[in-house]
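Observations on the model geometry
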Amino acid sequence: MLGRRTMLCAAVILVVCCVRGCCFNAAPGPAAGVQVRADLDRAAREVDPRFLSVAVDASLVAEEKFMNMLGSPKLRTLARALTPSYLRFGGTQQDFMVFNTEKVFTQSHGYDDLQKPEDSCEKMELPPLLEERLKKQWTQQQLLLRKEDLQRKYRRVKFTEYSVDLLNSFANCTEMDLIFGLNALLRTSDNTWNSSNARSLIRYCESKQYRMSWELGNEPNSYEKKAGIRVEGSQLGEDFVQLREILRKSKLYHDTGLYGPDISQPRDHRKDLLQGFLSTGSEAIDACTWHHYYVDGRTATLAEFISPKVLDSLGAKISEVLEIIRLVSPGMKSWLGESSTAYGGGADGLSNAFVAGFMWLDKLGLSAKMGLDIVIRQVLIGSGTYHLVDDNLDPLPDYWLSVLHKRLVGPVVLTVDILPAPDHQNQTKKVRVYLHCANRNGGYSKGAVTLIAMNLAARPSRLSLPAELSLSTVEAFVLQSDQPGEEGLYSRSVMLNGKLLQMLDDRTLPELKGHIVPPADRLMLPGFSLAFYVFTEAQAAACL
């Protein structure tokens, strides 16, 4: 026990020491080294300000009472810190949802006027006692949903105006832009999309003046396995054209966003489906959406979560999708419309632990670098183990990582790479860096840049900086597990600059403050760490 405490103290001292600047001048003996090269004169590209977006999984509506959890003051506080953002409501369950205009949901919690959309955000909040009861029941509900998913036996569920009202209240009160996923498995006898239910929902939303965008279907490449129905890409494209025509006739939604087809990552039939979809439906959509997960949640290992080879695999998938788009629909924007660490609901003990941050931060960095406009994280709340919050709605490590990314990283992407020191050739693969103009909305001046860095190794790494960065004062935000070494990768807690991150209360986030360090020609990146370094005086021409 004494040995573990000693290791923990040593880890904390290392973080504080590096943040205060002593590691800039004399790196520890075992540290490996890499040379950072950056182009501060030209912007490589620019992403949407809502680049990092989140999803609410449609599994919440499998039993409609759980939609009330969107009224949690804590959840709303956490979501508000992630704006600007899209809020996608979708997932596997969306293709089994049917809108029921009859008010079949009976409120039993004693405040029957909750669902009125004109109510203030405060009045729409979930009472504490009901929130506690729902959280306990949700734990059991997730087990049922997990069993259903493993057996691939999905039941059709009905949702009412009440759920739509709650969802829109959540989006409005958190200032997120809602994207609603419609059911594409409602088919006619000739296998075209039956739009009658969607028309009813759209009419209701228009009557309430709910501003939102739309999707149609989720992972259509898996319809045969989930429902015994095969929909070809060309037919799916025609279905989207039908939906676009419906929206064009609406006074409210005539120019709203429509995104699809939300296929799984490309391979074999999925490539053909995407090509067929774009050939008939590209004119109907505003962005081409697809999904990406690195590994199988049922078999995933810790080693995979920190493997450079696994992280690099995303780049190949992005290239494949962008090439298909270039050939069929040049100029079309591409989004990761659903994405996380491991498919199949995540890998419990990994997808909800500190180690998941390496996949998440690298995905954000690489996606922006390669030209994706939006990345939607699966999931803020819903079934699975890849949430940003736990079953008590407390933030997990990836949540804090996401908030820091929102506050520190701007939409302008810069070019950066690393070269290994002569005696540390292998360290290059373990250290990964990305560079953006700093977020002006975060209070940073023109010309400031944010270096995103991560160390996949236990050994610290010395980052030698280019001359134009070495002259700038730095705000350092270093994230590490609250436990040392490899054991800490399994932790569900995270420290910022040596201080444990947790909410002060249900409505208040802690101050996320960087540590000011003087100009120097190198940074020390601790082992198993994720970091944002804001060079406040970089005067980058691309950011002026």
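Provided above is the structure to which this section pertains.
Here is a short report on the structure shown in this document.

One broad rule of soluble globular proteins: the nonpolar side chains tend to lie buried together. Among the nonpolar cores identified, the biggest contains 137 residues, and Phe89, Phe180, Trp214 and Phe358 are the most heavily contacted of them. Broken down by element, this core gets its largest block of residues, eight residues, from helix H12 (residues 356-370). Contact partners of Trp214, with chain neighbours within four places excluded, come to Ile179, Phe180, Leu182, Leu201, Ile202, Cys205, Leu247, Tyr253, Thr256, Gly257, Leu258 and Tyr259.

On to empty space enclosed by the protein. Counted by the stated rule, this structure contains four cavities of 30 Å³ or more. Approximately 80 Å³ is the volume attributed to the largest cavity. Met97, Leu182, Asn183, Asn197 and Leu201 are, among the 13 residues lining the largest cavity, the residues nearest its centre. The set of elements that each furnish at least two residues to the lining of the largest cavity consists of strand S4 (97-99), strand S6 (177-182) and helix H6 (196-207). In this structure, the second largest cavity encloses a volume near 40 Å³. Lining the second largest cavity we find Trp138, Gln142, Ile381, Gly382, His387, Val389, Asp390, Asp391 and Leu393.

Right, let's talk about the packing of aromatic side chains for a bit. By the definition in use, this model includes 16 aromatic pairs. On the numbers, 5.4 Å between centres and 75° between planes, the contact of Tyr399 with Trp400 is edge-to-face. Every member of this aromatic cluster is reached through a ring pair, and the members are Phe89, Phe99, Phe159, Phe180, Tyr204, Tyr210, Trp214 and Tyr253. Above the plane of the ring of Trp360 lies Arg377, whose end atom (NZ or CZ) is 4.9 Å from the centre.

Right, let's talk about the packing of helix H5 (residues 161-174) against H6 for a bit. Closest axis-to-axis distance for the H5/H6 pair is 11 Å, and the angle between their directions is 50°. With respect to H6, the axis of H5 lies oblique. Helix-helix and strand crossings are classified by hand; for H5 and H6 the assignment is right-handed. Of H6, the residues touching H5 (which contributes Glu161, Val164 and Asp165) are Leu201, Tyr204 and Cys205. A per-class count over the contact of H5 with H6 returns four nonpolar, no polar and two charged.

Thresholds applied
Residues numbered from 1 in each chain as written. Predicted model: local features only at pLDDT ≥ 70, side-chain atom pairs only at ≥ 80, totals over all residues. Heavy atoms only, no water. Core = buried A, V, L, I, M, F, W, Y, C linked by side-chain atoms within 4.5 Å. Buried < 20%, exposed > 50% of the residue type's maximum accessible area, 1.4 Å probe, protein only. Helix = DSSP H or I, 4+ residues; strand = E, 2+ residues; numbered from the N terminus. Contact = heavy atoms within 4.5 Å. 1 Å grid on protein atoms, 1.4 Å probe; cavity = no way out; pocket = protein on both sides within 12 Å on 5 of 7 lines; lining within 4 Å. Points joined across faces, edges and corners; volume = space filled by probe spheres on them. Phe/Tyr/Trp six-rings, centres within 6.5 Å; stacked < 30°, edge-to-face > 60°. Lys NZ or Arg CZ within 6 Å of the ring centre and 35° of its normal. Axes fitted to C-alpha atoms, helices over the stretch in contact; angles between N-to-C directions. Parallel < 35°, antiparallel > 145°, perpendicular 65-115°, else oblique. Left-handed = near helix turned anticlockwise from the far one by under 90°. Nonpolar A, V, L, I, M, F, W, Y, C, P; charged D, E, K, R; others polar.

Limitation: the analysis is restricted to geometry and does not speak to function.
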